[in-house]
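Residues per chain, in single letters:
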Amino acid sequence: MQRDADALRDTGVTGVTVRLETPRGTVTARSGVGDLVTRRPVPRDGYLRLGSTTKTFVATVMLQLVGEKRISLDQTVEQLLPGVVSGAGNDGRTITVRNLLQHTSGLSDYIHDVFPDPSARTYFANRWRAYEPEELMGLAMRHEPAFRADAGWAYSNTNYVLAGMIIEKITGRTWEQQVHDRILRPLGLRHTGTPGTRPFLPYPHTANYQQFTVDGPMVDTTIPYRPFDSGADGSMTGTARDLNRFFGALASGQLLKPAELAALQNTVPVPENSGHPEDTRDGLGLFFTPLSCGGGYLGHGGSGFGYVIRAAATVDGRRTVTVSAHSRSADPKTSARQEDALHHLIDHALCPTV
């Protein structure tokens, strides 16, 4: 584990943390530094930005509501949120809850509207601005869909903005409240939170660094870019210990009834060149990725300016791992090497014969 963490660091990542839970115990590894100024060590079990790993929590709540017969995966967005998905060829009558959770809706990803110019100047100019979900939907609805629902797959944060809105419409309470009541409190995840637009991570934490231009400096981006780090698609924070507990509980059936757990794992292929390992498939808020030792794992990643996180569990929930990398390169080749190192680390961690 330490060798794999060091290998990820050697691709240029400033700080790396790994936490693996198995029936035989816990293994942790740290590599690099906690920040580039003081060169302090990476903290043990520090707080992390979960980014899009938030989506797995939201999908779990949605599937719990399905199990309670309060919503159906085949209900359309128009039935649940009348008039929200319309214009520019978008039609909420053709998009189901399942399409949202599985990224088969074809809806445009709003992040291209809130960060059109990938530069440090844009980051500093707009990082304090926050959007309401309705505003983000307004931005996304200006664009034609990439394909009609069920005719393709494309990752879009817009899908989970809608999922959060649907949870509030159905329950009368925010998605954050539902996550707390249905997941965090029952599992005792005291170090996982839904900070919304609050930008500061609790201590201890590792600093995050983004390189905006090739050969440019590493910019401290520990304060998130709130236009896309403050909603149901990616706003949560937590620790590796808590994430492993959540993914293990989810995979082992502690949070969902059998029918809903089966629906969660009913997958569709993810296209090549989509940033995922070969033969990855997408379920409802979870990806299935093959292991070199046979079988595969369930997981989800998250990323923002300066960080990448991966959380994963074997399908029985007995082995779980969370990896966090605390800097991102502007060089595509370096980024590809870092992704390969991440995947290699997770594969080693979850293959019980390794």
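See the structure above.
The paragraphs below set out a description of the structure included in this document.

What counts as what
- Residues numbered from 1 in each chain as written.
- Predicted model: local features only at pLDDT ≥ 70, side-chain atom pairs only at ≥ 80, totals over all residues.
- Heavy atoms only, no water.
- Helix = DSSP H or I, 4+ residues; strand = E, 2+ residues; numbered from the N terminus.
- Buried < 20%, exposed > 50% of the residue type's maximum accessible area, 1.4 Å probe, protein only.
- Axes fitted to C-alpha atoms, helices over the stretch in contact; angles between N-to-C directions.
- Parallel < 35°, antiparallel > 145°, perpendicular 65-115°, else oblique.
- Contact = heavy atoms within 4.5 Å.
- Nonpolar A, V, L, I, M, F, W, Y, C, P; charged D, E, K, R; others polar.
- Pairing = 2+ DSSP bridges.
- Disulfide = S-S within 2.5 Å.
- Salt bridge = Lys/Arg side-chain N within 4 Å of Asp/Glu carboxyl O.

Before going further, it helps to examine unusual backbone geometry. The omega torsion of the bond from Y203 to P204 falls at 0°, within 30 degrees of zero and hence cis. Take P204: it is sitting in the loop between α9 (175–187) and β6 (209–211). Even without glycine at this site, H103 takes up a positive phi of about 60°. What makes H103 buried here is its relative accessible area of 2%. A positive phi angle is found at D150, which is not glycine, with a value near 75°. Mapping D150 onto the fold places it in the loop between α7 (133–140) and α8 (158–171). In this structure D150 comes out as exposed when scored by relative accessible area, which is 60%.

A separate point is the packing of helix α1 (residues 2–9) against helix α12 (residues 332–350). Relative orientation of the contacting elements α1 and α12 amounts to 170°, with a least axis distance of 9 Å. By the angle class used here, α1 and α12 are roughly antiparallel. Seen from α1, the contacting residues are D4, A5 and L8; seen from α12, they are Q338, A341, L342, H344, L345 and H348. Counted by class, the contact of α1 with α12 contains five nonpolar, three polar and one charged residues.

Our next topic: the sheet that holds β6. Taken in spatial order, the three strands line up as β7-β6-β15 in an open sheet, and their pairing is mixed. This sheet does not close on itself; its edge strands, each paired only once, are β7 (218–220) and β15 (327–328). Sheet topology places β6 next to β7; three bridges connect them, and they run antiparallel. Within β7, the position partnered with Q211 by the bridge is M218.

Our focus in this paragraph is the state of the cysteines. Scanning the entire structure with this criterion turns up one disulfide. Linked covalently through their sulfurs, C293 and C351 form a disulfide whose S-S length is 2.1 Å. On the sign convention where negative is left-handed, the bridge of C293 and C351, at about -95° about the S-S bond, is left-handed. Separated by 58 residues along the polypeptide, C293 in the loop between β11 (287–290) and β12 (296–304) and C351 in the segment after α12 bring together distant segments of the chain. Using a relative accessible area of 0% as the deciding quantity, one classes C351 as buried.

In the structure shown here, the tally under the stated rule is 13 salt bridges. Between D6 and R9 there is a salt bridge, and its shortest N-O distance comes to 3.4 Å. With D6 and R9 both in helix α1 and three residues apart, this pair spans about one turn of that helix. Salt-bridge contacts for D10 lead to R9; the nearest nitrogen and oxygen are separated by 2.9 Å. Owing to a relative accessible area of 56%, D10 belongs among the exposed residues under this scheme. Under the relative-accessibility criterion, R9 is labelled partly exposed at 31%.

Attention shifts here to the packing of helix α2 (residues 54–67) against α9. Each pair of packed helices gets described by two things: the angle between the helix axes and the distance between those axes. Running from N to C, α2 and α9 point in directions that differ by 80°, and their axes come no closer than 10 Å. Here α2 lies roughly perpendicular to α9, going by the angle between them. Every residue of α9 that contacts α2 at T54, F57, V58, T60, V61, Q64 and L65 is listed here: W175, Q178, V179, R182, I183 and L184.

Spatially, eight strands are ordered β2-β1-β14-β13-β12-β11-β10-β9 in an open sheet, and the strand pairing comes out antiparallel. Each end of this open sheet is capped by a strand with a single partner; those strands are β2 (25–32) and β9 (268–269). Across six bridges, strand β13 (residues 307–314) lies against strand β14 (residues 320–325) in antiparallel orientation. Of the residues in β14, the one forming a bridge with R310 is V323.

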